[in-house]
Amino acid sequence: MRSLTQASLLPAVLAGAVLASAAFADQDAQKPVSFALKGGVTHTDNRDSIEDGALRAGVPMKKEDQWSFFIAPVIAFHHEVTDSVKFDAAYAPVYRWYDNCRPGSEKSKLEHTVKADLDLMLSPITEFKVGERFWFSGQKDYFYGSDYNYDPSRPNRLGNDYYENRLRASVKQELSEGGDYVKATGRWRIKRYDDDELADSSDEDEYGARLDLMRVHTKHLTYGLFADYTSWDRCTDSSKYQDMKLDLGVDYATFGAQATWDFYGNGDTYLYGSVGWTRAWYEADDMDDTDAPAMQLELRLFQTKPTQVLGGVRYGRDFSDIYPFSSQLDLAGYVALTQYVGADRDLWFNASLELRNRQYDVEDDLDPTAVRYGYVEALKQANGGKTEYDRDSVYLRLAANYRVNDWLSTAAFYSYEKIDTDSKIGTSYEENVFGLSATLKY
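Quick caveat: nothing in here was measured; it's all calculated off a predicted structure.

## Quick word on the overall build of the chain
Point 1. Summing up its helical and strand segments, the chain has four helices and 22 strands in all.
Point 2. Relative to its full complement of 442 residues, the chain shows a buried share of 40%.
Point 3. Split by element, the accessible area of the chain, about 23700 Å² in all, is 56% carbon and sulfur.

## Considerations on the layout of surface pockets
Point 1. Computed from the structure, the second largest pocket encloses a volume of approximately 410 Å³.
Point 2. Taken together, 21 residues make up the lining of the second largest pocket; nearest its centre are Ala36, Lys38, Ser409, Thr439 and Lys441.
Point 3. For the lining of the second largest pocket, the secondary-structure elements that each account for two or more residues are strand S1 (33-44), strand S4 (66-82), strand S20 (388-403), strand S21 (408-421) and strand S22 (429-441).
Point 4. The residue makeup of the lining of the second largest pocket, split by class, is ten nonpolar, seven polar and four charged.

## As for the pairing of strand S9 (residues 181-193)
Point 1. Bridge count for strand S8 (residues 162-174) against S9 is 13 bridges, and the pairing is antiparallel. When the bridges of S9 are listed, Ser170 appears paired with Thr185.
Point 2. The sheet contact formed by S9 and strand S10 (residues 204-216) spans eleven bridges and is antiparallel. By the bridge assignment for S10, Val182 is matched with Leu213.

## Focus on helix H4 (residues 375-382)
Point 1. Taken residue by residue, H4 has Tyr375, Val376 and Leu379 as its buried positions. On an axial view of H4, the arc spanned by its buried residues comes to 100 degrees, and they lie on one face.
Point 2. Taken from the residues just after H4, Gly384 is the one with a positive phi, measuring 65 degrees.

## What about the confidence of the model for the chain?
Point 1. Taken residue by residue, the chain gives an average pLDDT of 84. The fraction at 70 or more is 84%.
Point 2. Segment residues 1-29 is flagged for pLDDT under 50; beyond a separation of four residues in sequence, or across chains, it makes 40 contacts in the model.
Point 3. Here residues 142-157 is a poorly scored stretch, pLDDT under 50, and it has 32 contacts once near neighbours within four places are set aside; other chains count.

## Re the nonpolar core
Point 1. Grouped together as the largest cluster of nonpolar side chains are 14 residues, with contacts concentrated most on Phe325, Val362, Leu366, Leu379 and Ile425.
Point 2. The element that contributes the greatest number of residues to this core is H4, accounting for three residues.
Point 3. The residues touching Val362, leaving out its near neighbours within four places in the chain, are Phe325, Val376, Leu379, Thr387 and Tyr389.
Point 4. Ile75, Phe77, Val114 and Tyr163 belong to the second largest nonpolar core, which has nine residues in total.

## Some thoughts on the packing of aromatic side chains
Each aromatic ring pair is characterised by the separation of its centres together with the angle its planes make.
Point 1. All told, the structure shown has ten aromatic pairs when counted by the stated rule.
Point 2. An angle of 65 degrees between the planes, with centres 5.4 Å apart, marks the rings of Trp135 and Tyr162 as edge-to-face. Taken together, the positions of Trp135 in strand S7 (residues 126-137) and Tyr162 in strand S8 put the pair 27 residues apart, joining distant regions of the chain.
Point 3. With relative accessibility at 26%, the residue Trp135 sits in the partly exposed group.
Point 4. Tyr162 gets classed as buried once you look at its relative accessible area, which sits at 12%.
Point 5. Ring geometry for Tyr162 versus Tyr193: centroids 4.9 Å apart, planes at 35 degrees, classification tilted. Placement of Tyr162 in strand S8 and of Tyr193 in strand S9 is noted, with a sequence separation of 31 residues between them.
Point 6. Taking relative accessible area as the criterion, Tyr193 reaches 10% and is therefore assigned buried.
Point 7. An aromatic cluster of three or more residues is present, and its members are Phe69, Tyr95 and Trp97.
Point 8. In this arrangement the basic side chain of Arg96 is found over the ring face of Phe70, its NZ or CZ atom lying 5.2 Å from the centre.

## Focus on the environment of Val341
Point 1. Structurally, Val341 is set in strand S18 (residues 327-341).
Point 2. The class for Val341 is partly exposed, based on a relative accessible area of 37%.
Point 3. Spatially, the C-alpha atom of Val341 lies 9.9 Å from that of Tyr402, the residues being 61 residues apart in sequence.
Point 4. Every residue in contact with Val341, bar those within four places of it in the chain, is listed here: Asp346, Leu347 and Phe349.

The rules we used
- Residues numbered from 1 in each chain as written.
- Predicted model: local features only at pLDDT ≥ 70, side-chain atom pairs only at ≥ 80, totals over all residues.
- Heavy atoms only, no water.
- Helix = DSSP H or I, 4+ residues; strand = E, 2+ residues; numbered from the N terminus.
- Buried < 20%, exposed > 50% of the residue type's maximum accessible area, 1.4 Å probe, protein only.
- Areas by Shrake-Rupley, 256 points an atom, 1.4 Å probe, with all protein chains shown as cover.
- 1 Å grid on protein atoms, 1.4 Å probe; cavity = no way out; pocket = protein on both sides within 12 Å on 5 of 7 lines; lining within 4 Å.
- Points joined across faces, edges and corners; volume = space filled by probe spheres on them.
- Nonpolar A, V, L, I, M, F, W, Y, C, P; charged D, E, K, R; others polar.
- Pairing = 2+ DSSP bridges.
- Arc of directions from axis to C-beta.
- pLDDT = per-residue confidence, 0-100.
- Contact = heavy atoms within 4.5 Å.
- Core = buried A, V, L, I, M, F, W, Y, C linked by side-chain atoms within 4.5 Å.
- Phe/Tyr/Trp six-rings, centres within 6.5 Å; stacked < 30°, edge-to-face > 60°.
- Lys NZ or Arg CZ within 6 Å of the ring centre and 35° of its normal.

Structure representation (structure tokens):
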């Protein structure tokens, strides 16, 4: 079993750097370090994310509800060396505990969350940004499906400890006094499970790069070209799951044009659109390269408005959410609304909705080796002979936030999620979650 020592030490290292920076900061300036304590409770009516009546070891199961409680001290650091150099960082260990746990699962777990952002103006026309996000999940259980029987002699099989790290950096260079610019962005993400069996089917590596070349035609119209490349793999070379060894990696590149229409010329309300073409090629030797259109359309209204809106639709090929497929076609529509109340904006409400359809084709998205293991035939038998499968989802979230005073704020939320999928392509279920939290700032 691989060690997570380095991963779990990262938050402590960053916290030490924050405290050291604070110790040598200008004592006459505003204190760069802040502390907060956040706590809350959530309730779900579907602890296992299953359908009522789902079979487990041949026995029909019913949905179980569960309460969870958490507490999280937060240390944050903000420092502006000059107007052109800004650094932000935060670290929070999150302790959670649960009632009504499944046999063999842990009643509590510890998570670590870290984020850090650095903004540099290298010159009046050159901007550099880098952001780091790290998350470590402590002991938690996961649902094995219909054929799993809990074995008390192997409790470690229920552990899904993992860490995920995301790093993103960009450089933006203005090309003219009119604001024309070129922007290069790089991103890197890894996800690592501690348990070897789970790592065989769930470890992920992703990295990518994007180049934008934009011309500011008027204060209303900006247009240009983009190129985006992503390399993704679930495990380095191949995966083993239910005795299947499959190559799951996929690389894809998208080339296209994009434009922004700013209605008022002040960056407050604008329409963004892009259209392009994606080509994907696969790690599996027997999989053919595939092509697909890619497009996105968004309306963004935010910044100074008491009402902020983001709505859009996107379509394109992406790496797969579902094992053991390598890729999927993804169609999504989404809208998010934030409404502030009062001159001081101490009260605000959020509502967001996303509708998604993901499509999987055994010819385009799955290593043909799966045929030899009988997996494709099992899919066809479970779905009336079809070779193309759908996974539809609805996600709704409502939230209210109230800042009582400078040191106390409260929040409440409700979320609803429904997954409707063809047989053996993931799990269909509905879940309602409600939560309350409060934050004390020092």
